[in-house]
Amino acid sequence: MWMRIHILGTASGRPTTHRDVSGTVIQTPEGVVAIDPGEGFQQRVLRQAKAMGATKPEWRPRISRIDAILLTHGHLDHVAGVLPMIHSMGLDGRKRPLDIIGPSTSTAGSEEEDLFDLTYQFMMMQRSGASEEVLGFPITFRTVEPNEDVVISVGNGLLCKPWGTEHRVTSCAWSVSLSNRRGSVDTDALDALQLDDVQRARLFQDGMIILNDGKRIVADDLRGPERLGLRTVISGDTTGNKCGLDELRDSVDVLIHEATYTDEHAERAVMNTHATARDAGKRAGAMQARLLVLTHFSARLKDVSESVEEATDEHDHVMAAEDGDILQLDEKNIDLLRIIDGEHQSVRSIRSNT
């Protein structure tokens, strides 16, 4: 069981000389999703693939492999790359269906909310040729209510769920999870039954066997607790105030959370409905996340070390993301790979205590 996260944009609002706007690709054995592809996203995917070609070609992100695009809200730094990317998919001869999913606006709001309402944007994309007739592959635009108990299955069973957040427009976070797995077999208990090879094979093939003496043995009785699937949560844009995201109760391996401001500009964060690094640290602590990844940095921040320090006051394991970072997860380890001297090198590892 593994999950790989390509962080392809860490700026807020607009790109800078060394940070692009939002954009993430999550690869898993069960499916691949892109989250919040801002402007220039497909070029960033190509650059990432090229950078990995010599060292880890099997890890390269590819637009053709994406099963769904998940959007947290309709601001352009989070959605402007969608239309060019799906047109490229059509030019590349894609035939597989594609889902594009974001939060719905439940009530009429201000002029800004109407402009950035994803329902309206989806309609404009369709008018700009985002249809099966033009693209050559089935495409479905969906809006979902973030605070409803809805889980969306993507690809071969990758589980995606929206969680309401607080921003100037309707917004959500997304949790992306692998399916839970059966517990490991207690080999000592199995050996104590003294089954032959044929009986063992039947036990785990059929789930149960009955011995000659009438004793009934159930395979699941020999297994430990169910193992939770890996879970990553991406906040999108939000404040640190309590919101639907805080209702998430299951374990979180990685929380990727916006940290637009530091404490110095906390009032600006409130005014612009964004979060500080400390807000992100508090949320990660409440979620007991294995790792907090800070992103969506204001262009005012020339050095994000202060952001890490403030978040670390609230949570032990914190890192500030850089464009091109890769997080490789399994049940025991989280490894951060970063481009150094032209190659991806491991710069941080977090090991599970279990």
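Anyway, here's the lowdown on the structure attached to this text. Predicted model, so just to flag it, every value in this text is computed and none were measured.

Let us now look at the sheet that holds strand 9 (residues 171-177). Reading across the sheet, the seven strands line up as 7-8-9-12-13-14-15 and stay open at both edges, with mixed pairing between neighbours. Looking at the sheet topology across the chains shown, the edges are occupied by strand 7 (152-154) and strand 15 (318-320). Neighbour to neighbour, the strand axes of the sheet diverge by 25° on average, direction disregarded. Both strand 13 (residues 254-258) and strand 14 (residues 291-295) contribute to a ladder of five bridges, which runs parallel. Looking across to strand 14, one finds that Ile256 is bridged to Val293. Docked against the sheet, helix 10 (residues 277-287) engages strand 13 and strand 14, running at close to 155° with respect to strand 13. Taken strand by strand, helix 11 (residues 305-312) contacts strand 14 and strand 15, and its axis lies near 160° from that of strand 15.

Scanning the entire structure with this criterion turns up two cavities of 30 Å³ or more. By volume, the largest cavity is sized at about 140 Å³. Taken together, 16 residues make up the lining of the largest cavity; nearest its centre are Ser22, Thr24, Ile234, Ile256 and Thr295. A breakdown of the residues in the lining of the largest cavity according to their chemical character gives four nonpolar, nine polar and three charged.

Taken in spatial order, the nine strands of this open sheet run 6-5-4-3-2-1-16-17-18, and their pairing is mixed. At either margin of the open sheet sits one strand with a lone partner, and together these are strand 6 (139-144) and strand 18 (343-351). The mean angle between the axes of side-by-side strands here comes to 20°, regardless of whether they run parallel or antiparallel. Packing against the sheet, helix 3 (residues 82-91) makes contact with strand 4 (68-70), strand 5 (98-103) and strand 6, and its axis sits at approximately 170° to strand 5. In the packing of helix 5 (residues 118-127) onto the sheet, contacts are made with strand 5 and strand 6, and the angle to strand 6 comes to roughly 170°.

Analysis parameters
- Within any chain, residue numbers begin from 1 and follow the written order of that chain's sequence.
- The model is predicted, so local features are restricted to residues of pLDDT at least 70 and side-chain atom pairs to those at 80 or more, both for listing and for counting; the totals for chains, interfaces and linings are taken over all residues.
- Hydrogens and water molecules were not included; the side-chain quantities draw on all heavy atoms of the structure.
- A pair of strands is treated as paired once DSSP finds two or more bridges between them.
- Numbered from the N terminus, helices here are DSSP runs of H or I no shorter than four residues, and strands are runs of E no shorter than two.
- Note on method: axes are straight lines fitted to C-alpha atoms, helices fitted across the in-contact stretch only, with angles between N-to-C directions ranging 0 to 180 degrees.
- Whether two residues are in contact is decided by their heavy atoms: any pair within 4.5 Å suffices.
- Both cavities and pockets are sets of points on a 1 Å grid over the protein atoms alone; in a cavity a 1.4 Å probe fits but cannot get out, in a pocket the set is open with protein on both sides within 12 Å along at least five of seven lines, and lining residues sit with an atom within 4 Å of a point.
- Grid points are joined across faces, edges and corners, and a volume is the space filled by probe spheres set on the points.
- Three classes are used: nonpolar for Ala, Val, Leu, Ile, Met, Phe, Trp, Tyr, Cys and Pro, charged for Asp, Glu, Lys and Arg, and polar for all others, with Gly counted as polar.

Function-wise, these values are silent; they only describe arrangement.
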